[in-house]
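Observations on the model geometry
So the chains spell out like this:
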Amino acid sequence: MQLIESIFGVIGDLTWGWSLIPFLVILGLFFTVVTGFVQFTFFGRMFRILLNKDEMSDKNAISGREALLLSIGGRVGGGNIAGVAVAITLGGPGAVFWMWAIALVGMATSLVECSLAQLYKRKEDGGFRGGPARTIIYGLGENYRWLAYLYAVCLIASFAIGFNAFQGNTVAGAAQDSFGIDRLWTGLGLAVMTGFIVYGGIKRIAKTADIIVPVMAISYVAMALLVILLNITEIPAILHSIVSNAFGLEEAVGGGMGAAMAQGLRRGLFSNEAGLGSAPNVAATADVKHPISQGITQSLSVFIDTMLICSCTAFIILLGDVYAPGATNIDGVVLTQQSLVSHLGDWAQYYLTVAILLFSISSIIYNYYLGENALSFMSKNKISVHILRIAVILVVFLGAVAPGATAVFFFSDPMMGILAVVNLLALMMLFPTLMRILKDYKDQLKNGVEHPVFDALKFPDLSIDFKAWPKK
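Residues numbered from 1 in each chain as written. Predicted model: local features only at pLDDT ≥ 70, side-chain atom pairs only at ≥ 80, totals over all residues. Heavy atoms only, no water.

**Observations concerning the overall build of the protein chain**
Note the cut-off: Numbering of helices and strands starts at the N terminus; helices are DSSP runs of H or I of at least 4 residues and strands are runs of E of at least 2. The buried label applies to any residue whose accessible area, calculated with a 1.4 Å probe on protein chains only, is under 20% of its type's maximum; exposed applies above 50%, and partly exposed to all values in between. Contact criterion: two residues are considered in contact whenever any of their non-hydrogen atoms come within 4.5 Å of each other. For accessible areas, the Shrake-Rupley method is used with a probe of radius 1.4 Å. Any residue's cover is judged against the shown protein chains and nothing else.
A count of helical and extended segments in the protein chain gives 19 helices and two strands. Counting across all 472 residues of the protein chain, residues that qualify as buried make up 60%. Restricting to contacts in the protein chain with at least 6 residues of sequence separation, those with at least 24 account for 83%. Total accessible area computed for the protein chain in this model is approximately 18000 Å², and 68% of it derives from carbon and sulfur atoms.

**Regarding the nonpolar core**
Worth spelling out the cut-off: Side-chain atoms within 4.5 Å link the members of a nonpolar core, which is a set of buried Ala, Val, Leu, Ile, Met, Phe, Trp, Tyr and Cys residues.
Counting 149 residues, the largest nonpolar core has Tyr220 and Leu340 as its most contacted members. Element by element, the count of residues in this core is highest for helix 17 (residues 347–378), at 16 residues. Residues in contact with Leu340, not counting those within four places in the same chain, are Met223, Val227, Ile316, Gly345, Ala348, Tyr351 and Leu352.

**Some thoughts on the side chain of Thr353**
Tracing the sequence through the fold places Thr353 in helix 17. Apart from the residues within four sequence positions on either side, Thr353 is in contact with Ala174, Ala175, Ser178, Phe179 and Gln337.

**Observations concerning the packing of aromatic side chains**
Note the cut-off: Aromatic pairs are defined between Phe, Tyr and Trp rings, using the six-membered ring for Trp, whenever the two ring centres lie within 6.5 Å; interplanar angles under 30 degrees are classed as stacked, those over 60 as edge-to-face, and all others as tilted.
Taken as a whole and assessed by the stated rule, the structure comprises 16 aromatic pairs. When the centroid spacing of 5.5 Å and the interplanar angle of 75° are considered together, the rings of Phe43 and Phe47 count as edge-to-face. A residue pair is termed a helical-turn pair when its members lie 3 or 4 positions apart in one helix, as Phe43 and Phe47 do in helix 4 (residues 43–51) at four residues. Under the relative-accessibility criterion, Phe43 is labelled partly exposed at 27%. Aromatic side chains Phe97 and Trp98 sit 5.1 Å apart centroid to centroid with 90° between the ring planes, which places their arrangement in the edge-to-face category.

**Focus: the state of the cysteines**
Heads up, the rule is: Here, a disulfide means two cysteine sulfur atoms that sit within 2.5 Å of each other.
All told, the structure shown has zero disulfides when counted by the stated rule. In this model Cys310 remains outside any disulfide bridge; the closest cysteine sulfur is found in Cys312, 9.1 Å from its own. When its relative accessible area of 0% is taken as the criterion, Cys310 is described as buried.

**Let's talk about the pattern of salt bridges**
Our working definition: By salt bridge we mean one thing: a side-chain nitrogen of Lys or Arg within 4 Å of a carboxyl oxygen of Asp or Glu.
Applying the stated criterion across every chain yields a total of ten salt bridges. In this structure, Glu124 engages Lys380 in a salt bridge whose closest nitrogen and oxygen atoms are separated by 3.0 Å. In this pair, Glu124 sits in strand 1 (residues 122–124) while Lys380 sits in the loop between helix 17 and helix 18 (382–401), placing the two residues 256 residues apart along the sequence. Owing to a relative accessible area of 15%, Glu124 belongs among the buried residues under this scheme. Lys380 sits in the exposed class, given a relative accessible area of 58%.

**Description of the environment of Phe42**
Mapped onto the secondary structure, Phe42 falls in the loop between helix 3 (38–41) and helix 4. Judged by its relative accessible area of 7%, Phe42 is buried. Spatially, the C-alpha atoms of Phe42 and Thr297 are 9.5 Å apart, while their sequence positions differ by 255 residues. With sequence-adjacent residues up to four places away left out, Phe42 is seen in contact with Leu111, Ile296, Leu438, Tyr441, Lys442 and Leu445.

**Points about the packing of helix 9 (residues 145–179) against helix 18**
Convention followed: In this analysis, axes come from line fits to C-alpha atoms, helices being fitted only over the stretch in contact, and the angle between any two N-to-C directions falls in the range 0 to 180 degrees. Handedness of a crossing is defined here by the sense of rotation of the near helix relative to the far one, left-handed for an anticlockwise turn of less than a right angle and right-handed for a clockwise turn. Side-chain classes are defined by residue name, with Ala, Val, Leu, Ile, Met, Phe, Trp, Tyr, Cys and Pro counting as nonpolar, Asp, Glu, Lys and Arg as charged, and the others, Gly among them, as polar.
Put simply, helix 9 and helix 18 touch, their axes get as near as 6 Å, and they point 35° apart. Two packed elements cross with a definite hand, and for helix 9 against helix 18 that hand is right-handed. Residues Ile156, Ala160, Ile161, Asn164, Ala165, Gly168, Asn169 and Ala172 of helix 9 form the contact with helix 18, whose own contacting residues are Leu388, Ala391, Val392, Val395, Val396, Gly399 and Ala400. Partitioning the contact of helix 9 with helix 18 into residue classes produces eleven nonpolar, four polar and no charged.

**Focus on helix 5 (residues 64–75)**
For clarity, the cut-off: How far a helix is expected to stretch is found by multiplying one less than its residue total by 1.5 Å.
Taking 1.5 Å of rise per residue, the twelve residues of helix 5 would be expected to cover 16 Å, and the 16 Å separating its terminal C-alpha atoms lies within 8% of that figure. In terms of residue burial, helix 5 counts as a mostly covered element, since eleven of its twelve residues are buried. All buried positions along helix 5 are accounted for by Gly64, Glu66, Ala67, Leu68, Leu69, Leu70, Ser71, Ile72, Gly73, Gly74 and Arg75.

Here's what the structure looks like:
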């Protein structure tokens, strides 16, 4: 076991340790510049697409809005509360600035990967399926099937198994600390809830996210706005501290600008997942008129995750008096919880526990769907799907009942590192194709078409499923 852990440790060092974060940043900047800063030029269009009732052709399919909410529910999790707190503690207030910066860059990366997932989606099981594995096999060809399988295996191992154990652990810990609920009961409750949702298929998963995500996001933002209003006179000083620390003009922790940048970039990338290839699995399920439309919509989820939800946590902490820069062995959930209590009183810790529950439930069902989608690419055997569902339910339960059990899932981050590298390589090779469909979208806008429509017949050289993209 020690040898296996060492091997995965080396994989983690080779990916997240030194190569992957610069790769994600540089590629994100490249996508931003070459696409003409699409995350900014299309920002207003993100909302117009969501409000367009005629975007779908099949009213029984998953809508672009439902796919967006499901991806937001997956991106927004315990990390938005705990991870941000740890990043600020270890990197200082400047970590927030670099978290914002990587989110703005990541919006372009998300548009690219989600648009390609839409382009190469397939009509399966009465709906649509897609994502990096299918993008690789249909976009790059059969010679890259091994790469697609590698991606699918890593996606199941990291998200469906590993990260769901962490989500169960986070919820159980918060419930025990705030309400004194034994981990066993929390684990059983989460297992039952997870089973009910995942056995309902993608449509039930999407409908659940459609209810949970707006409630959790709006309530958490409202709570943060209340904290900001109560401390409105301190906002200019906090913003000055964030910018000054980000560029080394003020040093809050050892390492100065380097620590702030490293923590902010890492937290931002882990939180919004842009470039990891996870969200495209969900983006491909939507019935939209043009692949770029869903890409634009999905880039909004990066904005909401980091610029909105993560920022809420950051201001709750920085405006409080609990935060201690450079502290060691910090529990991010506890820091955020205590900061919220310092602003609003003891009742706030109970609210935060409920918020964590909602965040984690949305992440669990999202993580499960990523695993199911990857499995459906590798096997059409229905028994394998049931095995995965049972495994996810058990993993959530085990993660909840045993505080140290999640240490067993040491492979999660290294596996995510591999799938990120695979996804980014595929995006680089398929970027010329993305630019072709982006040009098609922009040309229609220039010709006065408010909501461009994709005509697959205009791209006969691409392996497009005409059942997924019929003539509109």
